[in-house]
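Given next are the chains, with one letter for each unit.
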Amino acid sequence: MSKIIVTGGCGYIGSHTCIALLAQGHEVVVFDDLSNATKESIDRIEKIAGKRPELCIVDLKNKNATSAAFEAHKEALAVIHFAAYKAVKESVDHPLQYYENNFFSLINTLTAQQKLGINNFIFSSSATVYGMPETCPVTEKSPVSTPFSPYGNTKKIAEEILKDHTAANLDFSVISLRYFNPIGAHESGEIGELPNGIPNNLMPYITQTAAGIREKLMVFGNDYPTKDGTAIRDYIHVMDLAEAHVVAVNRLVDQKQEQNFEIYNLGTGTGYSVLEVITAFETQNNLSINYEITARRDGDVPVVFASTELASKKLGWTAKRDLNSMVKSAWNWEKNYRKND
Ligand code: UD1
């Protein structure tokens, strides 16, 4: 059994990944400052997985605290690093907070790992690094361009830091996973996405509208050059994403990597329009969503979907769950969470 440290393990993707790791027999230690999640996640993970991850409450921006937390778990074989701020709009309003949090925590984590010889690292990256892709599907060789937000820029620059770090330290290995649009929740409905305040992203906005918390969903633009005029994205079930992290971490722990810095897209390879997502949600959950078409949102790209070839060939991983399963599980989580309101 190998011990894996999951930073940000109380959050949305982190908590689902803890479940997938525990299901594969790994021992999990969560490092989280609880700035955007609660300790309850650990109880919920235990309820689903039947095993409890250890929680270490630590501010990874603090170098000494990070070093001490790692020292207490120096037998760990790998780190999966989710701990970061991730709200696009907030990053535009408060760029320094984003650069401070996302970089200090990354650098302190890498430094602590280096000191202890914990040589495997999975990074939580984003398709946002492609900016406005010229062609789809987007492959890992598609040019990285300037992302539209400080949040996106932290992902791009973090990958550059990791590239330099791995070039200088050949015994240190990194897999950077570029997520397309993660949605949905664990089938139990015990854990799921819980954004702070008004959601920016489509799926939590839809589920909160269905739950009556938001009055109306605004569909941003129906004049894109797509089949129904609304923008197209590659939505991926969060449990598929979680399982990809387990495959990636095993690849490093088993020393199966071909290079010490590898990058993979995580998507399904299929794009759906905003209206298709709404329709699937309505049909699968037998309800109707109050929505209105409005102007395009600044910075939105018309069409983005992934090439899944590299992940399939090298990691042996492909997404298994379809859009229906994504929209059903998203609603199941929201309903379950709100049932005592
Ligand atoms: C966004 C971020 C991206 C980030 C990702 C994290 C932007 C421009 N991009 O991706 O950097 O990595 O979230 O999950 O913010 N939509 C509506 N109404 C809404 C919300 C969204 O019509 O209320 C539409 C959007 O215009 C878009 C699609 O739904 O076409 C998906 O939007 P969203 O969930 O915010 O994801 P992205 O914009 O793709």
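Summarised in this report is the structure supplied together with it. (Residues numbered from 1 in each chain as written. Predicted model: local features only at pLDDT ≥ 70, side-chain atom pairs only at ≥ 80, totals over all residues. Heavy atoms only, no water.)

## Structural notes on the pattern of salt bridges
Applying the stated criterion across every chain, the model contains 21 salt bridges. For Asp223, the salt bridge is made with Arg296, and the minimal N-O distance between the two is 2.9 Å. With a gap of 73 residues between them, Asp223 in the loop between β8 (217–220) and β9 (232–233) and Arg296 in the loop between β13 (291–294) and α10 (309–315) connect regions that are remote in the sequence. With relative accessibility at 42%, the residue Arg296 sits in the partly exposed group. Through salt bridges with shared partners, a single network forms among Asp240, Glu243, Lys320 and Arg321. (Salt bridge = Lys/Arg side-chain N within 4 Å of Asp/Glu carboxyl O. Helix = DSSP H or I, 4+ residues; strand = E, 2+ residues; numbered from the N terminus. Buried < 20%, exposed > 50% of the residue type's maximum accessible area, 1.4 Å probe, protein only.)

## A word on the packing of helix α7 (residues 202–210) against helix α11 (residues 323–338)
Between two packed helices, what matters for the description is the angle formed by their axes and the separation of those axes. It is at 10 Å that the axes of α7 and α11 come closest, and there the two elements cross at 50°. Here α7 is positioned oblique relative to α11, judged by the angle of their axes. The handedness of the crossing between α7 and α11 comes out as right-handed. Where α7 approaches α11, its residues Met203, Thr207, Gln208 and Ala210 are matched on the opposing element by Val327, Ala330, Trp331, Glu334 and Arg338. A per-class count over the contact of α7 with α11 returns 5 nonpolar, 2 polar and 2 charged. (Axes fitted to C-alpha atoms, helices over the stretch in contact; angles between N-to-C directions. Parallel < 35°, antiparallel > 145°, perpendicular 65-115°, else oblique. Left-handed = near helix turned anticlockwise from the far one by under 90°. Contact = heavy atoms within 4.5 Å. Nonpolar A, V, L, I, M, F, W, Y, C, P; charged D, E, K, R; others polar.)

## Digging into the site of the ligand
Around the ligand lies a shell of 20 residues, among which Leu202, Met218, Arg233, Arg297 and Asp300 are the nearest. Tyr151 places a side-chain nitrogen or oxygen 3.3 Å from an oxygen atom of the ligand. At a separation of 2.5 Å, an oxygen atom of the ligand approaches a polar side-chain atom of Asp300. Protein coverage of the free-state accessible area of the ligand, which is 740 Å², stands at 87%. Sorting the residues of the shell around the ligand by element identifies α7 and β8 as the ones contributing at least two each. Top contributing element to the shell around the ligand by residue count: β8, with 4 residues. Per-class residue counts for the shell around the ligand are 11 nonpolar, 6 polar and 3 charged. (Near = heavy atom within 4 Å. Polar contact = N/O pair within 3.5 Å; in protein donor to acceptor, adjacent residues only side chain to side chain. Areas by Shrake-Rupley, 256 points an atom, 1.4 Å probe, with all protein chains shown as cover.)

## Concerning the packing of aromatic side chains
Taken as a whole and assessed by the stated rule, the structure comprises 8 aromatic pairs. Measuring from centroid to centroid gives 5.1 Å for Phe31 and Phe70, while their planes differ by 85°, and the two rings are edge-to-face. Of this pair, Phe31 sits in strand β2 (residues 27–32) while Phe70 is found in helix α3 (residues 63–71), placing the two residues 39 residues apart along the sequence. Look at Phe31 and you get buried, because its relative accessible area is 0%. Under the relative-accessibility criterion, Phe70 is labelled buried at 0%. Site record: aromatic cluster; members linked through ring pairs are Phe121, Phe123 and Phe172. A cation over a ring is seen here: Arg296 above Tyr224, with NZ or CZ 4.0 Å from the ring centre. (Phe/Tyr/Trp six-rings, centres within 6.5 Å; stacked < 30°, edge-to-face > 60°. Lys NZ or Arg CZ within 6 Å of the ring centre and 35° of its normal.)

## Examining the sheet that holds strand β1 (residues 3–7)
The 7 strands are arranged β3-β2-β1-β4-β5-β6-β11 in an open sheet whose pairing can be described as parallel. Two strands lie at the open edges of the sheet, namely β3 (54–57) and β11 (261–266), each paired on one side alone. Strand-to-strand twist across the sheet, computed as the mean angle between neighbouring axes with direction ignored, equals 20°. Bridging between strand β5 (residues 120–126) and strand β6 (residues 173–179) involves 7 bridges; their strand directions are parallel. Bridged to Ile122 within β6 is Ile175. Against the sheet, helix α6 (residues 150–168) contacts β5, β6 and β11, and its axis sits at roughly 150° relative to β5. (Pairing = 2+ DSSP bridges.)

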